[in-house]
Amino acid sequence: MTQTAESPSATLRSRMRGDVVDATDLAYDEARKVWNAGIDGRPLVIARCLDEADVQAAVGFAVEQGLEIAVRGGAHAMSGTSVVDDGIVIDLGGMNQVHVDPDTRRALVAGGALLGDVDAATQAHGLAVPAGLVSHTGVGGLTLGGGMGWLSRLGGLTIDNLVSARVVTADGQARVASPAENPDLFWAIRGGGGNFGVVTEFEFALLEVGPMIHFALLFWSVDQGAAMMRHARDVIDGLPDDVNVMVAGLNAPPAPFVPEEHQLAPGYATLVVGTGSAEHHAEVCAALTDGVPPLFEFATPMPYVELQKMLDEANAWGLYAYDKGCYVKELSDDVIDAVTEHFPRKTSPLSLVLFYRLDGAYSRVAEDATAFGGGRSPRFGMFMIGVCPVAEMLPGEREWVRSMTDSLLPLSADDGLYVNGNSEFDARSSVELAYGPEKYARLAQIKATYDPHNVFHRNANIPPAVR
Ligand code: FAD
């Protein structure tokens, strides 16, 4: 009599509460998709975890079977690290619960929640966690790399508001990471990415924000770019923390508030978000346009939760994307020249350049308080993002991103890189350079403690130090 060996999926299925999906399931093709349509991974199994015990079972199974692990939060990593050929995807999408305690101003956020889940639950109490700009981004990957957005000046990075976390490490144990318990792990997960285990729950301290904020989009032509940025840098420098100004190179949206003749035209913009008074927000907008009249401007109060969803559609799933980034300490003439030379060469109307302002609360955190890849002096986090509606355009936009990066890196702050803003790492922008030699060495030691065999390596990888 022949015995049929149980399939890996069947074995794992018997150990988990959540579903296990493989290539024989109708759900497989949807389940293996990630945000970036340019990534086409075909895992052996997808473990759709529902709780921490499922995550422990999936990690244990992967180690036992020698399967490569991809951890999937919101699946937004442009690099595609949240899916893997022939390995196991530990999919946290079913773990998206958020519990808010308005009295202690704390939120418990499950490891697979999206930013929109957190915003909805916290804004019900007029509270918020500083995070990113697009509500379908995952809290997991965004937080573990740092997390920057509209509230970075007011409240710092997402990690600066992390109080504790629960982490399933490579040995299958669930550990608390906090200042009191496993403080080395707590330091490492605040910037060190997915290297140290699967975070099943984040605990955040919350800020009072909204529910209404003030938003403005001011838009200039490509020809006005250099003048607008030279002027904007003086206005941005020294603003109080309750206003954030993002500078961008992008195409005007085809929105009703954009005059028809400018819809989809490439140009430069400032996006101005105020969490304080309407008057102050209006003063900042007036200062930004003083002497450099924009093609059009649009200002409105809006709920904070709407601000957080405003860019969702423009960044929908199914686009082909590639990004690189660096920090620049200021919008120097050289930086402006490099940007205005390269920006008009993009071929996709969706590609863009973003300057996230990082100062205020961001800069009040000590350099070595977290593992974050980047110094804490005032600066701009620069993202150069090629985004294409069809696959055929991606190679050209990838080259556009790379050539702009080549011209910006020599002008950049020489103190790290944002791991969440780089689709790939190479000799000139390596993971070691992202953290700098001291943090990198410390991270490698902590990695050797919690993941000595580099089980979690589909990330901006920090191999364990040899002991
Ligand atoms: P995933 O692809 O699911 O995960 C990426 C990696 O993170 C995984 O490979 C894994 O290593 C790790 N990971 C995820 N969850 C966990 C977990 N719970 N435990 C352990 N490891 C985990 N970044 C910003 O800072 N600000 C922004 O405004 C911003 N906007 C963005 C908008 C878009 C449309 C996109 C595509 C990206 C944006 N990013 C932004 C970058 C974003 O921070 C990263 O892509 C991040 O990795 C997304 O997290 P995720 O959980 O969605 O990704």
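A. Examining unusual backbone geometry more closely. The omega torsion of the bond from Gly210 to Pro211 falls at 10°, within 30 degrees of zero and hence cis. On the secondary structure map, Pro211 appears in the loop between β11 (207-208) and β12 (212-221). Phi at Leu264 takes a positive value of approximately 70°, unusual for a residue other than glycine. Along the polypeptide, Leu264 turns up in the loop between β13 (243-251) and β14 (266-274).

B. Main features of the sheet that holds strand β18 (residues 379-388). In spatial order, the strands read β15-β12-β14-β13-β17-β18-β16; together these seven strands make up an open sheet with antiparallel pairing. Here the strands that pair on one side only, and so sit at the sheet edges, are β15 (296-303) and β16 (320-328). Sheet twist, expressed as the mean angle between neighbouring strand axes with direction ignored, is 15°. Of the strand pairs in this sheet, β12 and β14 are connected by eight bridges, and their pairing is antiparallel.

C. Focus on the site of the ligand. Around the ligand lies a shell of 34 residues, among which Gly73, Ala75, Ser82, Met148 and Tyr418 are the nearest. Here an oxygen atom of the ligand sits 2.6 Å away from a polar atom, N or O, in the side chain of Ser82. In this structure, Tyr356 approaches the ligand through a side-chain N or O atom, which is 2.8 Å from an oxygen atom. Taken by itself the ligand offers 960 Å² of open surface, and the protein chains cover 95% of this. At the level of elements, β3 (69-72), α5 (139-145) and β10 (198-205) are the ones that each hand at least two residues to the shell around the ligand. Here the residues of the shell around the ligand are counted per class, giving 15 nonpolar, 17 polar and two charged.

D. Structural detail: the sheet that holds strand β6 (residues 106-110). Pairing in this open sheet of five strands is antiparallel, and the strands run β5-β6-β10-β8-β9 from one edge to the other. Strand pairing shows two members of the sheet lacking a second neighbour, β5 (98-101) and β9 (174-177), which therefore form its edges. Along the sheet, successive strands turn relative to each other by an average axial angle of 15°, direction set aside. For strand β8 (residues 162-168) and β10, the ladder comprises six bridges, and the chain directions are antiparallel. If you follow Leu162 over to β10, its bridge partner there is Phe204. The strands that helix α3 (residues 52-65) touches are β8, β9 and β10; relative to β8, the one it contacts most, it runs at about 45°.

E. Main features of the domain arrangement of the protein chain. As assigned here, the protein chain comprises domain 1 (8-91), domain 2 (98-209) and domain 3 (212-421). Measuring from the centre of the C-alpha atoms in domain 2 to the corresponding centre in domain 3 gives 24 Å. Regarding the contact of domain 2 and domain 3, the summed buried area is about 3,100 Å², with carbon and sulfur atoms giving 61% of it. When the buried surface of domain 2 facing domain 3 is broken down by residue, Met148, Trp150 and Arg153 rank first, second and third, together holding 35% of it. Our count for the contact surface shared by domain 2 and domain 3 stands at two salt bridges. A salt bridge links Arg153 to Asp359, with the nearest nitrogen and oxygen atoms 2.5 Å apart. Taken together, the links from domain 2 to domain 3 amount to 23 residue pairs in polar contact (both at pLDDT 80 or more).

Thresholds, definitions, all that
Residues numbered from 1 in each chain as written. Predicted model: local features only at pLDDT ≥ 70, side-chain atom pairs only at ≥ 80, totals over all residues. Heavy atoms only, no water. Helix = DSSP H or I, 4+ residues; strand = E, 2+ residues; numbered from the N terminus. Pairing = 2+ DSSP bridges. Axes fitted to C-alpha atoms, helices over the stretch in contact; angles between N-to-C directions. Near = heavy atom within 4 Å. Polar contact = N/O pair within 3.5 Å; in protein donor to acceptor, adjacent residues only side chain to side chain. Areas by Shrake-Rupley, 256 points an atom, 1.4 Å probe, with all protein chains shown as cover. Nonpolar A, V, L, I, M, F, W, Y, C, P; charged D, E, K, R; others polar. Contact = heavy atoms within 4.5 Å. Domains from an automatic or database assignment. Buried area = accessible area lost by both parts, 1.4 Å probe. Salt bridge = Lys/Arg side-chain N within 4 Å of Asp/Glu carboxyl O.

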